[in-house]
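Now for the letters of each chain:
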Amino acid sequence: VQLVESGGGLVQPGGSLRLSCAASGFTFSTYAMSWYRQAPGKEREWVAGISSAGAITNYPDSVKGRFTISRDNAKNTVYLQMNSLKPEDTAVYYCYTTKRGTAYWGQGTQVTVSS
């Protein structure tokens, strides 16, 4: 299983970014996927989840209405569209899935929200 995130960077408050996570090594279309983030000195935090077919999505209140998770099963890729970004969204963002009880994480991509 390999998860490779991309799309992070520096953005001003109120701006947008779209993260991508390219998956390989498993039947992507049959697994739920999630995004997490970890800010310096803080615990890793779940920020979005999507079902295997993409019909069901979930978010914590901290990002609901600003972040949108989606997936393209033909491309084995999951996305995180982030709008109205705030300085407190600054973190390393990770792609995540579980397969037969084993957790898999990508290497993460840095998102920095600053003026």
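Placed above this text is the structure.
Residues numbered from 1 in each chain as written. Predicted model: local features only at pLDDT ≥ 70, side-chain atom pairs only at ≥ 80, totals over all residues. Heavy atoms only, no water.

> Please provide a residue-by-residue account of the state of the cysteines, values included.
Disulfides are covalent bonds that link the sulfur atoms of two cysteine residues. Considering all chains together, one arrives at 1 disulfide under this definition. Disulfide pairing is shown between C21 and C95; the S-S distance is 2.2 Å. Its S-S torsion of about -85° marks the bond between C21 and C95 as left-handed, since a negative value means left-handed. Taken together, the residues C21 in strand 3 (residues 17-24) and C95 in strand 9 (residues 91-99) connect sequence positions 74 residues apart. The exposure class of C95 is buried, given its relative accessible area of 0%. (Disulfide = S-S within 2.5 Å. Helix = DSSP H or I, 4+ residues; strand = E, 2+ residues; numbered from the N terminus. Buried < 20%, exposed > 50% of the residue type's maximum accessible area, 1.4 Å probe, protein only.)

> Break down the pattern of salt bridges for me, citing the residues and quoting the values.
Pairing between side chains of opposite charge can happen when their charged atoms approach one another. Following the criterion strictly, the structure yields 4 salt bridges and no others. A salt bridge links E45 to R37, with the shortest nitrogen-to-oxygen separation between them at 2.8 Å. For E45, a relative accessible area of 30% translates into the label partly exposed. Taking the relative accessible area as the measure of exposure, R37 reaches 6% and is therefore buried. One salt bridge in this structure joins K64 and D61, with 3.5 Å as the shortest N-O distance. Among the ionic contacts, a cluster of salt bridges with common partners joins R37, E45, R66 and D89. (Salt bridge = Lys/Arg side-chain N within 4 Å of Asp/Glu carboxyl O.)

> I'd like to hear about the pairing of strand 10 (residues 102-105), residue by residue, with values.
Bridging between strand 9 and strand 10 involves 4 bridges; their strand directions are antiparallel. Within strand 10, the position partnered with Y96 by the bridge is W105. Connecting strand 9 to the antiparallel partner strand 10 that follows it, the hairpin turn spans 2 residues, and R100 within it adopts a positive phi of roughly 50°. (Pairing = 2+ DSSP bridges.)

> Requested: an account of unusual backbone geometry, with residues and values cited.
A negative phi angle is the norm for most residues apart from glycine, just as the trans form is the norm for most peptide bonds. Phi is positive for N76, close to 50°, though the residue is something other than glycine. On the secondary structure map, N76 appears in the loop between strand 7 (67-72) and strand 8 (77-82). Given the relative accessible area of 28%, N76 is considered partly exposed.

> Outline the side chain of R37, listing residues and values.
For R37, the location among the structural elements is in strand 4 (residues 33-38). Those residues in contact with R37 that sit more than four places away from it in its chain are E43, R44, E45, V47, S62, V63, F67, E88, D89, A91, V92 and Y93. (Contact = heavy atoms within 4.5 Å.)

> Would you mind going over the sheet that holds strand 8 in detail, with residue names and values included?
Pairing in this open sheet of 4 strands is antiparallel, and the strands run 1-3-8-7 from one edge to the other. Pairing within the sheet leaves two strands with one partner each, and these edge strands are strand 1 (2-6) and strand 7. Along the sheet, successive strands turn relative to each other by an average axial angle of 15°, direction set aside. As defined by bridge partners, strand 7 adjoins strand 8 across 6 bridges and the pair is classed as antiparallel. Bridge pairing in strand 8 links T68 to Q81. (Axes fitted to C-alpha atoms, helices over the stretch in contact; angles between N-to-C directions.)

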